[in-house]
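Observations on chain architecture
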Amino acid sequence: MTTVHHIITPPSAQSPAGASLYYAWFAAMHTRIDIAVVSTTHSELQLNAIMDEVAANAWAIEREANRFDPTSALSVLNSAPANTAVSLPERLCHMLEMCRDYHRQTLGLFDITIGSVGHSPRSIDTLYINNQSATRLDDRLSLDLSGFVKGYAAEQTRTLLSSHGISHALINFGNSSIVAMGSIDTQTAGWSVCTNTSKCQSVTLHDNCLTTSGNDAPTRRHIINPLTGNTIDGMRTLSVITDNAIDGEVLSTALFIASEQQRETILHNISATVLETSQPH
């Protein structure tokens, strides 16, 4: 099990009376997760316990949805014979249903089946899901939630913090998915963050999310257009601001791939602000 590191700092002059800035970080989902909290009502011991709960929840999601772990529930589904119903955690079934819905809303540009042998834009139709199990109707079908699970875990983290009465926090999943709750202090209308791009653009987030996707090096070619099978070339990134971190994770990839016409339709389906796009060079 990974360690959760906790730090607490004295209040600044701009902090609400009695508030301290609490910070914690831990590793999960092949990245580092950093969380800062401002609170006037929680003790350090209480915040330590809350962060341990947050980390345990992120690790549990990872154990269910990590395709690189052969013991994960998703890997068990991926390796099961075709037409065999596989019992799954209800949460994972819900994630799969959400991914199928996002596939529709993004015109097929968000596609968790892209790694399947013989992939086609209809590959996702060979997945049958109910609330307790799923069935692959084609044994070539392979599911990958890597472009979804960080946003899902970030939203779960926001929900957990809110359930403990925390309303001011910054949740950072690997600098690519950032959720802001409230403000850092009384003088700021939110949390000032920098886009995860070669040209940093500072933005202020308040009860919303910033997500970035793209190619951060000329030789990186990891995003594939599911409709054509072609990789997206060039050093280019795209950032979006959304109310929901899951929307942000999905859109940052789908809009990166999309044509202008596709982008217009997708943004009609899922509201977002396209914050920054650096051009290929």
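Please refer to the structure placed before this passage.
These notes cover the structure that comes with them. None of the values given here were measured: they were computed from a predicted structure. (Residues numbered from 1 in each chain as written. Predicted model: local features only at pLDDT ≥ 70, side-chain atom pairs only at ≥ 80, totals over all residues. Heavy atoms only, no water.)

Now for the overall build of the protein. When its secondary structure is counted, the protein shows six helices and 13 strands. Each of the 281 residues in the protein was classed as buried or not, and the buried ones make up 50%. Just so you have it, the protein exposes about 12,800 Å², and 50% of that area is on carbon and sulfur atoms. (Helix = DSSP H or I, 4+ residues; strand = E, 2+ residues; numbered from the N terminus. Buried < 20%, exposed > 50% of the residue type's maximum accessible area, 1.4 Å probe, protein only. Areas by Shrake-Rupley, 256 points an atom, 1.4 Å probe, with all protein chains shown as cover.)

Our next topic: the side chain of N225. Tracing the chain through its elements places N225 in the loop between β11 (209–215) and β12 (236–242). With relative accessibility at 11%, the residue N225 sits in the buried group. Among the polar contacts made by the side chain of N225, one reaches the main-chain amide nitrogen of L227 at a distance of 2.8 Å. Setting aside chain neighbours within four positions, we find N225 in contact with L109, N230, I232 and I257. (Polar contact = N/O pair within 3.5 Å; in protein donor to acceptor, adjacent residues only side chain to side chain. Contact = heavy atoms within 4.5 Å.)

With that settled, the discussion passes to the nonpolar core. Within the largest apolar cluster, 70 residues are counted, with the highest numbers of intra-cluster contacts made by F26, I35, L88, L96, F148 and L161. Here this core takes nine residues from helix α1 (residues 44–65), the largest share from any one element. Excluding anything up to four places from it in sequence, F148 contacts M95, M98, C99, Y102, F110, I246, E249 and V250. Core analysis: the second largest hydrophobic core is formed by eleven residues, A36, I178, V193 and L210 among them. (Core = buried A, V, L, I, M, F, W, Y, C linked by side-chain atoms within 4.5 Å.)

Now for the side chain of D34. Structurally, D34 can be placed in strand β3 (residues 31–39). Accessibility expressed as a relative area gives 17% for D34, which makes it buried. Within the structure, the side chain of D34 is placed 2.3 Å from the side chain of Y23, a separation counted as a polar contact.

Both strand β2 (residues 20–28) and β3 contribute to a ladder of nine bridges, which runs antiparallel. Note that in β3 the partner of A27 across the bridge is R32. The turn joining β2 and β3, which pair antiparallel and follow one another in sequence, is formed by two residues; a positive phi near 55° is taken by M29. (Pairing = 2+ DSSP bridges.)

Strand order in this open sheet of three strands is β4-β6-β5, and the pairing throughout is antiparallel. Of all the strands in the sheet, just β4 (86–87) and β5 (127–129) have a single pairing partner and so form its edges. Packing of helix α3 (residues 90–105) onto the sheet brings it into contact with β5 and β6 (133–136), and relative to β5 it is tilted by some 130°. (Axes fitted to C-alpha atoms, helices over the stretch in contact; angles between N-to-C directions.)

Burial along β6 is two-sided: the residues S133 and T135 and A134 and R136 are all buried. Relative to β6, β4 runs antiparallel, the two being bridged by two bridges. What sits directly across from S87, in β6, is S133. Alignment of β5 against β6, held across three bridges, turns out to be antiparallel. Within β6, the position partnered with Y128 by the bridge is T135. Remark: three residues form the turn of the hairpin made by β5 and β6, two consecutive strands paired antiparallel.

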